[in-house]
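# Observations on the three-dimensional arrangement
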Amino acid sequence: MATVLESNVDVLIVGGGPAGLMMATWMAKCSINARIVDKRGTKIFNGQADGLQCRTLEILDSLGIGHRAWREANHMVEICLWNPDENGVIRRSDRIPDTIPGISRFQQVVLHQGRIERFFLDAIAEASDIRVERGVMPSSLKIDESLVEDDAAYPITVTLRHLTEKEATPRQSSTSVNGEVVQDGLFRSNLAKDDTQDLLELSKLRDKANSEEIVHAKYLVGADGAHSWTRSQLGLKLEGDSTDYIWGVLDIVPITDFPDIRMRCAIHSASNGSIMVIPRENKLVRLYIQLTTTEKTGDTSSRADRSKINPQVILESAQKIMAPYKITYRKLDWWTAYQIGQRVGTSFSVHDRVFLAGDAVHTHSPKAGQGMNVSMQDTFNLGWKIASVVKGHAKRSILKTYQSERRGIAQELIAFDHKFSRLFSGRPAKDVMDAEGISMEEFKAAFLKGHMFASGIAVNYGASEIVAKEGSREEHGDGTDVSVANVQSNVISDESLCRGITVGMRIPSHKVLNQADARPWHLQELLPSNGRWRIIVFAGNVTNSEQRGKLEKLAQDFGSQSAFLSLYTPEGAKYDEVFELLVIHNAPRTSVSIFDFPEIFRPFDEIDGWDYNKIFVDDVSYHEGFGNIYDALGISHSGCVVIVRPDQYVSYVGPMENTAAVSRFFGGFLRVQQQ
Ligand code: FAD
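Scoring rules and cut-offs
Residues numbered from 1 in each chain as written. Predicted model: local features only at pLDDT ≥ 70, side-chain atom pairs only at ≥ 80, totals over all residues. Heavy atoms only, no water. Helix = DSSP H or I, 4+ residues; strand = E, 2+ residues; numbered from the N terminus. Buried < 20%, exposed > 50% of the residue type's maximum accessible area, 1.4 Å probe, protein only. Contact = heavy atoms within 4.5 Å. Areas by Shrake-Rupley, 256 points an atom, 1.4 Å probe, with all protein chains shown as cover. Axes fitted to C-alpha atoms, helices over the stretch in contact; angles between N-to-C directions. Parallel < 35°, antiparallel > 145°, perpendicular 65-115°, else oblique. Left-handed = near helix turned anticlockwise from the far one by under 90°. Near = heavy atom within 4 Å. Nonpolar A, V, L, I, M, F, W, Y, C, P; charged D, E, K, R; others polar. Domains from an automatic or database assignment. Core = buried A, V, L, I, M, F, W, Y, C linked by side-chain atoms within 4.5 Å. Buried area = accessible area lost by both parts, 1.4 Å probe. Salt bridge = Lys/Arg side-chain N within 4 Å of Asp/Glu carboxyl O. Pairing = 2+ DSSP bridges. Expected span 1.5 Å × (residues − 1). Phe/Tyr/Trp six-rings, centres within 6.5 Å; stacked < 30°, edge-to-face > 60°. Lys NZ or Arg CZ within 6 Å of the ring centre and 35° of its normal.

A few words on the overall build of the protein chain. When helices and strands are tallied, the protein chain shows 16 helices and 32 strands. Relative to its 675 residues, the protein chain shows a buried fraction of 59%. Looking at the protein chain alone, contacts between residues at least 24 apart form 73% of all its contacts between residues at least 6 apart. Accessible surface, the protein chain as shown: approximately 27300 Å² in total, 49% of it carbon and sulfur.

Right, here's the structure in full:
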């Protein structure tokens, strides 16, 4: 009998969709020994998710792939609301900006999920040897509970089965349109039966020597979508409703006389339902349409009769809703149908060793364009935390903040989607007396209110050992208090020092100039996602003797053997392996040079010389404007220190003089590396 291959890996990721790929990108950027497996033989090539929020673009930019998405995507600038007039004929009733002006340096765009996955795959390949292992899926999962608190242990044992190419290629129905075969997305939709168990049974029938292997992992991330195998192995549940709303999706190049077809539109017809129009890349337009083709099953739920849904049915619904305008197509790129369910996982992790992310822990309707974004943001939150624990930089306690931070976001998402779906799916009110109908004023107000949430910018993480602010203590699923270390170290931010920065939210951006070469940079561009903590010192006018004195004292304190830099940076590591110190001052740029700053802000390397990329100035650029970051972010001219997490969320704000608080803050969750 052939011996079964057995190996160790620090992080095993199950699922190569947006959530799994984001996780793998962190692992690649942080040089973690990781593997990622996916039961499918290929990535997605068209269709499925397409909306990218402005926060997601900021995140992709921090990973070095934002520019690709920004360039290729269709930019959505305006939303048009269409409603029935007094004669029941649809009319444009309003126009609103698609992204709230000024909230980000990016605006919402659309590009299909397959391209986003491509960008991730390229970034992972560039930074590491990690590759998505396709046609590979787990068949068993065991956790040795006696080892879960041992940092060096591999408490998770997973059996992986390697599928044949045929098994890994999903059976997919196709439609012929004008002689061209168009594949649909039904096999991924929740209207299709999950094939995980069938695949496992099939692969067991083969007696291939290398078809099974055993992997021992320190951490496992289940990013395996709405039917999550990992979730069911853990015995965890999704809680919430499954509604009767069935949605059809058509990606077409439309031929239409509808004037706003290149705008994002929400169209409510008087009695034929509603449609969301999403203008896409390559002249494509996506139509999201609510269908009513449901049938009651034996139990209490109702399921769609899939056989009755096809592109023609979806198109005919669109034609009714958009009448008197005409719409048809010659080119169909993709189509699918799915049933809306709004549900959240009861728990996002087990023993802080196995984590669930993305659709595996939250499902909801896609028309608010949130699923892919929130899924990627789950693992954007988790990836750097696991990486810093695996590297031995941080204590395992920070892993508790994954659930305390992300479950709340998932719950908000579900509440938002619930409200939005009801308003979107309902029939417009005929008049003020029509209590059953949806008021279009209410719809617009909800749309505007939801905008901030939908942008992803509103995320505000609560108090914890990595977010130093006052607030209610958040409990982890097992009852332990995630903010306890922070409370013990007694570090609380003073947000009055920079009123435009909120502790717990992502740091806003504004351009500053590099002191050494006058090149303008967006503040967020100085914070690439590579696992480092940033300590940004807003030093004020350093030609002023008081500010200068504060900066010198701060540099002396930070440089001492008992301060965080020395304590928590591993022996022999590069000076900015764990912490990057940045200074942004507002003295006149030409009145100082980098040599007027303490050496800690311009570290020297025998081979590379001075590091010129740590000192920045608040000044107007020659070609790109800006200047005045101190006013834009409400920064006190007496200066302040801002600690920014590796994922760009703000952990702490305090005065320059309180250097001890910075060391105490890091002492709450980092491991001492050098005595
Ligand atoms: P998935 O994308 O589902 O990825 C899971 C991966 O895990 C898959 O590659 C799968 O093959 C693999 N896998 C599953 N089980 C196993 C197993 N047992 N072993 C190994 N691998 C496994 N979101 C938006 O943000 N904007 C939109 O406009 C939008 N539109 C959508 C339109 C449609 C029609 C649909 C269906 C979804 C849409 N979504 C949208 C939602 C979005 O596609 C999902 O939220 C997103 O893909 C979730 O990412 P994920 O990585 O968590 O899961």
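Let's pick the thread back up.
In the contact formed by helix 1 (residues 18–29) and helix 9 (residues 371–390), the axes pass within 8 Å of each other and the chain directions differ by 30°. Taken together, the axis directions place helix 1 and helix 9 in an arrangement best described as roughly parallel. Between helix 1 and helix 9 the crossing geometry is right-handed. For the pair helix 1 and helix 9, the contacting residues are Pro18, Ala19, Met22, Met23, Trp26 and Met27 in the first and Met372, Ser375, Met376, Thr379, Phe380, Leu382, Gly383, Trp384, Ile386 and Ala387 in the second.

Turning our attention to helix 16 (residues 659–667). Every buried residue of helix 16 is listed here: Thr659, Ala661, Val662, Ser663, Phe665 and Phe666. Tucked into the core, helix 16 has its buried residues touching strand 26 (533–540), helix 13 (545–558), helix 14 (564–568), strand 27 (579–585), strand 31 (640–644) and strand 32 (650–654).

Before going further, it helps to spend a moment on the site of the ligand. In the neighbourhood of the ligand, 38 residues make up the surrounding shell, with Ala19, Asp38, Asp50, Asp359 and Met372 lying closest. In isolation the ligand offers 990 Å² of accessible surface; the protein chains occlude 93% of this area. Counting residues per element, the ones that place at least two in the shell around the ligand are helix 1, strand 9 (136–143), strand 17 (285–291), strand 20 (327–345) and helix 9. In terms of residue count, helix 9 provides more of the shell around the ligand than any other element does, four residues in total. In terms of residue class, the shell around the ligand is made up of 15 nonpolar, 15 polar and eight charged. Residue contributions to the shell around the ligand reach at least three from each of two domains, namely domain 1 (5–72 + 111–169 + 194–239 + 343–420) and domain 2 (74–107 + 242–293 + 305–341).

Glancing now at the nonpolar core. Counting 145 residues, the largest nonpolar core has Val11, Val642 and Phe666 as its most contacted members. In this view, Val642 contacts Cys498, Ile501, Ile507, Arg534, Ile535, Ile536, Phe538, Val650, Tyr652 and Val653; residues no more than four positions away in its chain are not counted. Counting residues in hydrophobic clusters, the runner-up holds 27 residues, among them Ile252, Leu291, Leu315 and Ala318.

Annotation of the protein chain at the domain level lists domain 1 (5–72 + 111–169 + 194–239 + 343–420), domain 2 (74–107 + 242–293 + 305–341) and domain 3 (487–668). Between domain 1 and domain 2, the residue contacts involve 20 residues of the former and 22 residues of the latter. Together, the buried faces of domain 1 and domain 2 total about 1900 Å²; carbon and sulfur atoms form 58% of this surface. On inspection of domain 1 and its partner domain 2, the count reaches three salt bridges.

Two pairing modes exist for strands in a sheet, parallel and antiparallel, and in both the strands are linked by backbone hydrogen bonds. Reading across the sheet, the three strands line up as 3-7-4 and stay open at both edges, with antiparallel pairing between neighbours. Unpaired on one side and paired on the other, strand 3 (51–52) and strand 4 (74–75) mark the two borders of the sheet.

Looking now at the sheet that holds strand 32. Pairing within the open sheet is mixed, and its seven strands lie in the order 25-24-30-27-26-31-32. Sheet topology places strand 25 (520–522) and strand 32 at the edges, where each strand pairs with a single neighbour. Strand-to-strand, the axes of this sheet are offset by a mean angle of 30°, without reference to chain direction. Judged from the seven bridges that link them, strand 26 and strand 27 form a sheet pairing that is parallel. Within strand 27, the residue paired with Ile536 across the bridge is Leu582.

Let us look at the pairing of strand 15 (residues 264–268). In terms of residue burial, strand 15 counts as a mostly covered element, since five of its five residues are buried. Burial along strand 15 is two-sided: the residues Arg264, Ala266 and His268 and Cys265 and Ile267 are all buried. Of the pairings in the sheet, the one linking strand 15 to strand 16 (residues 274–279) comprises four bridges and is antiparallel in character. If you follow Ala266 over to strand 16, its bridge partner there is Met276. Two successive antiparallel strands, strand 15 and strand 16, enclose a turn made up of five residues, where Gly273 displays a positive phi of approximately 95°.

The next thing to look at is the environment of Pro588. By secondary structure assignment, the location of Pro588 is in the loop between strand 27 and strand 28 (604–605). Spatially, the C-alpha atom of Pro588 lies 28 Å from that of Asp605, the residues being 17 residues apart in sequence.

If you check helix 1, its first and last C-alpha atoms are 16 Å apart, about what 12 residues at 1.5 Å a residue would give, namely 16 Å. Those residues of helix 1 lying buried are Pro18, Ala19, Gly20, Leu21, Met22, Met23, Ala24, Thr25, Trp26, Met27 and Ala28. A positive backbone phi angle near 55° is found at Ser31, which sits one or two residues after helix 1.

Okay, the pattern of salt bridges next. Enumeration over the complete set of coordinates arrives at 38 salt bridges. For Glu58, the salt bridge identified is with Arg506, shortest N-O distance 2.7 Å. Placement of Glu58 in helix 2 (residues 54–62) and of Arg506 in the loop between helix 12 (484–489) and strand 24 (511–514) is noted, with a sequence separation of 448 residues between them. Salt-bridge contacts for Arg68 lead to Asp122; the nearest nitrogen and oxygen are separated by 2.8 Å. Placement of Arg68 in helix 3 (residues 66–72) and of Asp122 in helix 4 (residues 113–127) is noted, with a sequence separation of 54 residues between them. Arg68 sits in the partly exposed class, given a relative accessible area of 22%.

This part is about the packing of aromatic side chains. This structure, assessed with the given rule, holds 24 aromatic pairs. On the numbers, 5.7 Å between centres and 80° between planes, the contact of Phe355 with Tyr402 is edge-to-face. Note that Phe355 is positioned in strand 22 (residues 354–356) and Tyr402 in helix 10 (residues 400–425), a separation of 47 residues in sequence. As far as burial versus exposure is concerned, Phe355 and Tyr402 are alike and both buried. Put simply, the rings of Trp384, Trp533, Phe558, Phe564, Phe579, Tyr652, Phe665, Phe666 and Phe669 touch in pairs and so form one group of aromatic residues. In this arrangement the basic side chain of Arg353 is found over the ring face of Tyr219, its NZ or CZ atom lying 4.7 Å from the centre.

In terms of residue burial, strand 17 counts as a mostly covered element, since seven of its seven residues are buried. Across the two faces of strand 17 the burial is the same, with Val285, Leu287, Ile289 and Leu291 and Arg286, Tyr288 and Gln290 all buried. Alignment of strand 16 against strand 17, held across five bridges, turns out to be antiparallel. Counted as the bridge partner of Ile278 is Arg286 from strand 17. Where strand 16 folds back onto strand 17 in an antiparallel hairpin, the turn is made up of five residues, including Asn282, whose phi is positive at roughly 50°.

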